[in-house]
Amino acid sequence: MRIENSVVLITGGASGIGRIMARRVLEMGAKGVAVWDINEAGLGNTVEELGKLGTAIGVKVDVSDFDAVGRAYRETTSRLGPVDILVNNAGIVTTNRTFDRNTQADIDRTISINTVAPMYVALTILPDMIARDKGHICNIASAAGLLSNPRMSVYAASKWATMGWSDSVCIELREMKSKVKVTTLAPYYINTGMFDGVRSSIFPILDPEKTASKILKAIANDTRFKGIPFSFRFTRLMQGLLSMGMVDWIFGSVFGIYHTMDHFTGRR
């Protein structure tokens, strides 16, 4: 999907990698970018910065509220026209506590933002894309959607669900012979503040600028699935070939991934 001359919508775009992608698509020649976020102050600052590069609008919206998503979409299309590219980027991680110490609020908030919200946004926008036979949806899941990890069980659950839903929609569209494409992204920890305190000894924390470039390249190439870094694409192969005990030993003891969340603080 060509980013040049496209209208791009990015959820969770007022900070972190969403903000970087919003800037990059304008630098790549996008017709306009819509940034959705619940952080009104962040939206204002982001749109002011983006306005120096091209057409940008900000819409305050709780993406876990289906009716609010509908209103935000109508506002977006009235100001920018049809959305060509949707990047479901909004996400949260609430705690590094073991599951027994999570609360109902932790569970509800994590699943509603990470799993339900991208479905709501896609459900609102996809019918128009199908009618136009044009469009691309990029769902940013996580490497945690490939690998179980202690101290982030609810987050992992939300991303496993997103992975399965996203690729299922991709197959549905292919069987419909639609030109609308879906990309599912599974990045490792990204250095944006969301995972402050995470310690990773083998796999480096991802650089946000480089990761944004890889995500946008995946969209431009209509890539169905992309794991970042590339080595994480082999996770499922190892899980299929090795015993669960061996997988735990490799990822827990050798790679140290099972302890990456021990000192997590997150964005305050």
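Overview of the structure. Note that this is a predicted model, so its numbers are computed, not measured.

### Re the packing of helix α1 (residues 16-27) against helix α6 (residues 208-220)
To describe two helices that pack against each other, one gives the angle between their axes and the distance between the axes.
In step 1: It is the contact of α1 with α6, at a shortest axis distance of 9 Å, that shows an interaxial angle of 60°. Considering their axes alone, α1 and α6 lie oblique with respect to each other. In terms of crossing hand, the pair formed by α1 and α6 is right-handed. Contact residues: Ile-17, Ile-20, Met-21, Arg-23, Arg-24 and Val-25 in α1; Pro-208, Glu-209, Thr-211, Ala-212, Ser-213, Ile-215 and Leu-216 in α6.
In step 2: Of the residues in the contact of α1 with α6, the class split is eight nonpolar, two polar and three charged.

### Some points on the sheet that holds strand β1 (residues 7-11)
In step 1: A sheet is described by the order of its strands in space; here seven strands give the open sequence β3-β2-β1-β4-β5-β6-β7, paired in parallel fashion. Because the sheet does not close on itself, it has two edges, and the strands there are β3 (56-60) and β7 (225-228). For this sheet, the mean inter-axis angle between neighbouring strands, taken without regard to orientation, is 15°.
In step 2: Strands β1, β2 (32-37), β3, β4 (85-88) and β5 (136-140) of the sheet are contacted by α1, whose axis makes an angle of about 170° with β2.

### Some points on α1
In step 1: The terminal C-alpha atoms of α1, which comprises 12 residues, lie 17 Å apart, in line with the 16 Å expected from a rise of 1.5 Å per residue.
In step 2: By the burial criterion, the buried members of α1 are Ile-17, Gly-18, Ile-20, Met-21, Ala-22, Arg-23, Val-25 and Leu-26.
In step 3: Where α1 ends, the next residue or the one after it, Gly-29, has phi of about 100°, a positive value.

### Points about the pairing of β5
In step 1: Of all five residues in β5, five are buried, a share of seventy percent or more.
In step 2: The two faces of β5 match: His-136, Cys-138 and Ile-140 on one face and Ile-137 and Asn-139 on the other face are all buried.
In step 3: One crossover worth recording links β4 to the parallel β5 by way of helix α4 (residues 104-132), and it is right-handed.
In step 4: Of the strand pairs in this sheet, β5 and strand β6 (residues 181-187) are connected by five bridges, and their pairing is parallel. Directly across from His-136, in β6, lies its bridge partner Lys-181.
In step 5: For the handedness criterion, the β-α-β arrangement of β5, helix α5 (residues 153-175) and β6 is classed as right-handed.

### A short note on α6
In step 1: The end-to-end C-alpha distance of α6 is 18 Å, a good match for the 18 Å that 13 residues give at a rise of 1.5 Å each.
In step 2: Looking at α6, one finds that the buried residues are Pro-208, Thr-211, Ala-212, Ile-215, Leu-216, Ala-218 and Ile-219. All buried residues of α6 lie within an arc of 155° about the axis, which places them on one face of the element. Within α6, the exposed residues directed more than 90 degrees away from the buried face are Lys-210 and Lys-217.
In step 3: The elements touched by buried residues of α6 are α1, β4, β5, β6 and β7.
In step 4: By the N-cap criterion, in which a side-chain oxygen at the helix start approaches the backbone nitrogen of a residue two or three places on, α6 is capped by Asp-207, the distance to Glu-209 being 3.2 Å.

### What about the nonpolar core?
In step 1: Grouped together as the largest cluster of nonpolar side chains are 50 residues, with contacts concentrated most on Met-21, Val-33, Phe-195 and Ile-215.
In step 2: By residue number, the principal contributor to this core is α1, which donates six residues.
In step 3: Contact partners of Val-33, with chain neighbours within four places excluded, come to Val-8, Ile-10, Ala-22, Val-25, Leu-26, Leu-50, Thr-55, Ala-56, Ile-57 and Leu-80.
In step 4: Among the nonpolar cores identified, the runner-up in size contains 29 residues, and Tyr-73, Met-129, Trp-165 and Leu-173 belong to it.

### A word on the pattern of salt bridges
It is possible for side chains of opposite charge to pair when their charged atoms get near one another.
In step 1: Tallied over the entire structure, the rule returns 13 salt bridges.
In step 2: Among the ionic pairs, Glu-27 bridges to Arg-24, the shortest N-O distance being 3.7 Å. In this pair, Glu-27 and Arg-24 both sit in helix α1, three residues apart, roughly one turn of the helix.
In step 3: The partly exposed category is assigned to Arg-24, whose relative accessible area is 21%.
In step 4: One connected set of salt bridges, linked through shared partners, spans Arg-23, Arg-24, Glu-27 and Glu-209.

What counts, and at which threshold
- Residues numbered from 1 in each chain as written.
- Predicted model: local features only at pLDDT ≥ 70, side-chain atom pairs only at ≥ 80, totals over all residues.
- Heavy atoms only, no water.
- Axes fitted to C-alpha atoms, helices over the stretch in contact; angles between N-to-C directions.
- Helix = DSSP H or I, 4+ residues; strand = E, 2+ residues; numbered from the N terminus.
- Parallel < 35°, antiparallel > 145°, perpendicular 65-115°, else oblique.
- Left-handed = near helix turned anticlockwise from the far one by under 90°.
- Contact = heavy atoms within 4.5 Å.
- Nonpolar A, V, L, I, M, F, W, Y, C, P; charged D, E, K, R; others polar.
- Pairing = 2+ DSSP bridges.
- Expected span 1.5 Å × (residues − 1).
- Buried < 20%, exposed > 50% of the residue type's maximum accessible area, 1.4 Å probe, protein only.
- Right-handed = clockwise from strand over helix to strand, strands pointing away.
- Arc of directions from axis to C-beta.
- Polar contact = N/O pair within 3.5 Å; in protein donor to acceptor, adjacent residues only side chain to side chain.
- Core = buried A, V, L, I, M, F, W, Y, C linked by side-chain atoms within 4.5 Å.
- Salt bridge = Lys/Arg side-chain N within 4 Å of Asp/Glu carboxyl O.

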